[in-house]
Amino acid sequence: MVTQSMTLPASLHVPPALAEQLFSHLFPGDGDEHGAVIGATVVETQRGTRFLARRLYLAKDGVDYVPGKRGYRMLTAAFIRDRIKDCEREGLAYFAVHCHGGTDHVDFSRDDLASHERGYPALLDNLEHHPVGGLVFARNAAAGDIWLQDGSRVELNATVFHGARRRVFQPAPAPKPAADPTYDRQSRLFGDRGQAVLASQKVGIVGVGGAGSLVNEYLARLGVGHLVVVDPDRIELSNVPRVAGSHRRDALPWLTKPERPQFLRALGRWLATPKVRVAQRVARQANPEIGFDAIRGDVTLDTVAASLTDCDYVFLAADSMQARLVVNALVHQYLIPAVQVGAKVQLDKAGTVTDVFSVVRPLTPGLSCLWCNELIKPAKLQEEALTPEQRRQQRYVDDVDVHAPSVITLNAVAAAYAVDNYLMSTVGLRATDYRERWTRFHPLTSTAFDRVIHEIPRSDQSCPECGSNGRLSAGGQRRLPVKSTAGV
Ligand SMILES: [Zn+2]
Ligand SMILES: [Zn+2]
């Protein structure tokens, strides 16, 4: 076996319910050592390997986890054999877990490492296609010794516990980073460590129209290191009042104004600046060093959705059921937290305003699901699958060329609140008992009490999207609900 110096980092991601079970099992308050096994999906990305915890097997003290021959405690051979079979059946990596004392630092003992040397080569043979390894936890730290099928051995850089309050464990606290004077005023709030975390993040934005363009600007100015921005559209003149950083000239007004002949207007629309380019311009102005993937495309295409699978967080600012379906699947399947942002002005048939609201819906893997909360409507999905021409013929909608009203300030309320949510959770400022809520702002409502509405999002264990036998932590084992570009 060769110990490889890590070129790409490896991280373990744990959904909230598993994290809770694991912690109460490892740290029941007796100060003793306890054991478990995690079965994890393996996702290879350009940023390294992500292990997604899908199964947790708790080892019963005295039955499955017994006094060791060399070390203090060990898993019984029968327990290991059964769990290896479970992992093999489900196509998962096998990780043996135990706890040590201590708080912010943790490391394997010499006995631990010796037992890995003795046991893991045989387990690798048994598992055939997947890594095996050991994990050790302290109250605020985690380390991993992972053996890959190709004979290399890697350490775990980070263990991420997802939930309303996201926590990242490392073997030891990261060294204090150098202060960047650019961010002096904000790092006074969340520290140079918080600023360094932001710089290390890769964040996706789906849709850079009204709300998404503001999210893009906020994230770039906050110092987020890498943005992946997805939008198929080009700027039109009627977008300029809402799209942050857009100029009238991006819409080529001399070609697209109404008195021009049809073909010139079509040409103008075809040559206008893509929204992702406007977003890139804005982001680069704020931070010339920022990593920026401008993806002119639709998130419902497989190749486009795949570009989001290594993100740390995703903002959903596109208003289509298809986009909701894809992002909701990404959240649970790849354990990537997200938030849906948007604003709506509702009119009745006579054109009278019936409701105005901004909405922010954080989507936490395994905790809050657009599908469970009936925010993905099958009839609408079907309708969107039709071409505009088919839609006109079937009269599902009155006129596809008439756009709903939209105003920058309504988007700004949602965008600011959503980015604020992301920021506080990412830099670790949230209270230990923080509880996530979906929020709607209704500025026109007469009673003050009803102007801000909070909802507790639901999540159903049996849901095929967010449930533990559904997409949750399934990674590449499931196909995302996307259209294939193969052969196009
Ligand atoms: Zn140990
Ligand atoms: Zn669900």
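What counts and what doesn't
- In this convention, every chain numbers its residues from 1, walking through the sequence in written order.
- Ligands are numbered from 1 and chains lettered from A, in the order in which they are written.
- The model is predicted, so local features are restricted to residues of pLDDT at least 70 and side-chain atom pairs to those at 80 or more, both for listing and for counting; the totals for chains, interfaces and linings are taken over all residues.
- Based on all heavy atoms of the structure, the side-chain values leave hydrogens and waters out of the count.
- Going along the chain from the N terminus, every DSSP run of H or I of four or more residues is numbered as a helix, and every run of E of two or more is numbered as a strand.
- Throughout, exposure labels follow a simple rule: accessible area from a 1.4 Å probe, protein chains only, divided by the maximum for the residue type, with under 20% read as buried, over 50% as exposed, and the rest as partly exposed.
- In this analysis, two residues are considered to be in contact whenever any of their non-hydrogen atoms come within 4.5 Å of each other.
- Note that accessible areas follow from Shrake-Rupley with a 1.4 Å probe, and for residues the cover is restricted to the protein chains shown.
- When charges are counted, Lys and Arg contribute as positive and Asp and Glu as negative, whereas His and the chain ends are disregarded.
- All charge positions are set by atom: Lys at NZ, Arg at CZ, Asp at CG, Glu at CD.
- What counts as a salt bridge is simple: a side-chain nitrogen of Lys or Arg found within 4 Å of a carboxyl oxygen of Asp or Glu.
- Every definition here rests on a 1 Å grid over the protein atoms only: cavities are sets of points where a 1.4 Å probe fits but cannot get out, pockets are open sets enclosed by protein on both sides within 12 Å along at least five of seven lines, and lining residues have some atom within 4 Å of a point.
- Grid points are joined across faces, edges and corners, and a volume is the space filled by probe spheres set on the points.
- Under the convention adopted here, Pro, Cys and the residues Ala, Val, Leu, Ile, Met, Phe, Trp and Tyr are nonpolar, Asp, Glu, Lys and Arg are charged, and Gly plus all remaining residues are polar.
- Donor criterion used throughout: N, O or S atom within 2.8 Å of the metal, extended to 3.2 Å for Na, K and Ca. Water excluded; incomplete-looking sites may result.
- Centres within 6.5 Å make a pair out of two Phe, Tyr or Trp rings, where for Trp the six-membered ring is used; the pair is then stacked when the planes are under 30 degrees apart, edge-to-face when over 60, and tilted otherwise.
- For a ring to carry a charge above it, either NZ of a lysine or CZ of an arginine must fall within 6 Å of the ring centroid while also lying within 35 degrees of the normal to the ring plane.
- In this description, strands pair whenever DSSP reports at least two bridges between them.
- Only C-alpha atoms enter the line fits that serve as axes; for helices the fit covers just the stretch in contact. Angles between N-to-C directions range over 0 to 180 degrees.
- Domain ranges listed in this record stem from an automatic or a database domain assignment.
- A 1.4 Å probe defines the accessible area here, and the buried area is the portion of it lost by two parts on being joined, summed over both.
- Contacts described as polar in this section are N or O atom pairs within 3.5 Å, which, within protein, must combine one atom able to donate a hydrogen with one able to accept it, while residues neighboring in sequence count only if both atoms come from side chains.

S.K.: I tried to follow the overall build of the protein chain on my own but got confused; where do I start?
M.R.: On a plain count of helices and strands, the protein chain comes out with 13 helices and 20 strands. The buried share of the protein chain, reckoned over its 488 residues, is 51%. Intrachain contacts of the protein chain at a sequence separation of at least 6 include 68% that bridge at least 24 residues. On the protein chain, roughly 23600 Å² of surface is accessible, and the fraction owed to carbon and sulfur atoms is 52%. Distance from the positive charge centre (57 side chains) to the negative charge centre (53 side chains) of the protein chain: 5 Å.

S.K.: Got a minute to help me understand unusual backbone geometry in this structure?
M.R.: A negative phi angle characterises most non-glycine residues, just as the trans form characterises most peptide bonds. Although it is not a glycine, Glu128 sits at a positive phi angle of roughly 60°. If you check the backbone angles, Leu252 has positive phi at about 45° while not being a glycine. Here Leu252 is to be found in the loop between strand S14 (226–230) and helix H6 (253–256).

S.K.: Can you walk me through the pattern of salt bridges in this structure?
M.R.: Close approach of charged atoms allows side chains of opposite charge to pair. Within this structure, the stated rule accounts for 18 salt bridges. The salt bridge partner of Arg471 is Glu465, with a shortest N-O separation of 2.9 Å. The buried category is assigned to Arg471, whose relative accessible area is 11%.

S.K.: Please explain the layout of surface pockets as it appears in this structure.
M.R.: Empty space among the atoms becomes apparent when a probe as large as a water molecule is rolled across them. The space that makes up the second largest pocket amounts to roughly 1300 Å³. In terms of lining, the second largest pocket is formed by 41 residues, of which the most central are Ala158, Arg166, Val168, Gln170 and Val197. Listed by contribution, the elements that provide at least two residues to the lining of the second largest pocket are strand S2 (10–14), strand S4 (48–58), strand S11 (158–161), strand S12 (167–169), helix H4 (184–200) and helix H13 (408–426). When residues of the lining of the second largest pocket are assigned to their parent elements, the largest contribution, 6 residues, is made by H4. Its residues placed into classes, the lining of the second largest pocket shows 17 nonpolar, 14 polar and 10 charged.

S.K.: How do you make sense of the coordination of the zinc ion (ligand 2) when you look at a structure like this?
M.R.: Working reference: metal with six octahedral donors, ideal angles 90 or 180 degrees; metal with four tetrahedral donors, ideal angle 109.5 degrees. Only Cys369 (SG), Cys372 (SG), Cys463 (SG) and Cys466 (SG) from the protein reach the zinc ion (ligand 2) as donors, at distances of 2.3 to 2.4 Å. Donor residues binding the zinc ion (ligand 2) come from one chain and are separated in sequence as C-x2-C-x90-C-x2-C. Of the two residues, Cys463 and Cys466, neither departs from the other in class, the shared state being buried.

S.K.: What is the right way to read the packing of aromatic side chains from this model?
M.R.: Think of a pair of aromatic rings as described by two things: how far the centres are apart, and how the planes are tilted against each other in angle. Scanning all chains against the criterion turns up 11 aromatic pairs. With a centroid separation of 5.1 Å and 55° between ring planes, the pair formed by Tyr313 and Phe315 is classed as tilted. Taken individually, Tyr313 and Phe315 each receive the classification buried, so the pair is uniform in this respect. Here the aromatic residues Phe23, Phe27, Phe137, Phe161 and Phe169 are joined through ring pairs into a cluster of three or more. Residue placement shows Arg83 over the ring face of Phe79; its charged tip is 4.8 Å from the ring centre. Positioned above the aromatic ring of Tyr434 is the side chain of Arg430, whose terminal nitrogen or guanidinium carbon lies 3.9 Å from the ring centre.

S.K.: Mind showing me how you'd approach the sheet that holds strand S20 (residues 452–455) here?
M.R.: Sheet strands pair via backbone hydrogen bonds, and the direction of the pair is either parallel or antiparallel. Read from one edge of the open sheet, 8 strands run S15-S14-S13-S16-S17-S18-S19-S20, paired in mixed fashion. Where the open sheet ends on each side, the last strands, each with one partner, are strand S15 (291–295) and S20. Averaged over all adjacent pairs, the angle separating strand axes in this sheet is 15°, with direction ignored. Alignment of strand S16 (residues 313–316) against strand S17 (residues 338–347), held across 3 bridges, turns out to be parallel. Its bridge partner lying in S17, Val314 is registered against Ala338. With respect to the sheet, helix H8 (residues 275–286) is in contact with S14 and S15, its orientation differing from that of S15 by roughly 170°.

S.K.: Teacher, can you tell me more about the domain arrangement of the protein chain here?
M.R.: Note on interface size: it is often stated as the accessible area lost on association of the parts. Domains assigned within the protein chain are domain 1 (8–167) and domain 2 (179–232 + 273–453). For domain 1 and domain 2, the distance between their C-alpha centroids amounts to 34 Å. Both faces considered, domain 1 and domain 2 share a buried interface measuring about 1500 Å² in area, 54% of it formed by carbon and sulfur atoms. At the surface where domain 1 touches domain 2, the tally comes to 1 salt bridge. The partner of Arg47 in a salt bridge is Asp312, and the shortest N-O contact between them spans 3.0 Å. Across the contact surface, domain 1 and domain 2 share 9 residue pairs in polar contact (both at pLDDT 80 or more).

S.K.: Before we go on, may I ask you to explain the coordination of the zinc ion (ligand 1) in this structure?
M.R.: At this site the zinc ion (ligand 1) is bound by His98 (NE2), His100 (NE2), Asp112 (OD) and Asp112 (OD), with donor distances of 2.0 to 2.6 Å. Here the donor residues of the zinc ion (ligand 1) share one chain and are spaced in sequence as H-x1-H-x11-D. Linking His98 in strand S7 (residues 93–99) with Asp112 in helix H3 (residues 110–127), this pair joins segments that are 14 residues apart in sequence. Comparing His98 with Asp112 shows no difference in burial state: the two are buried.

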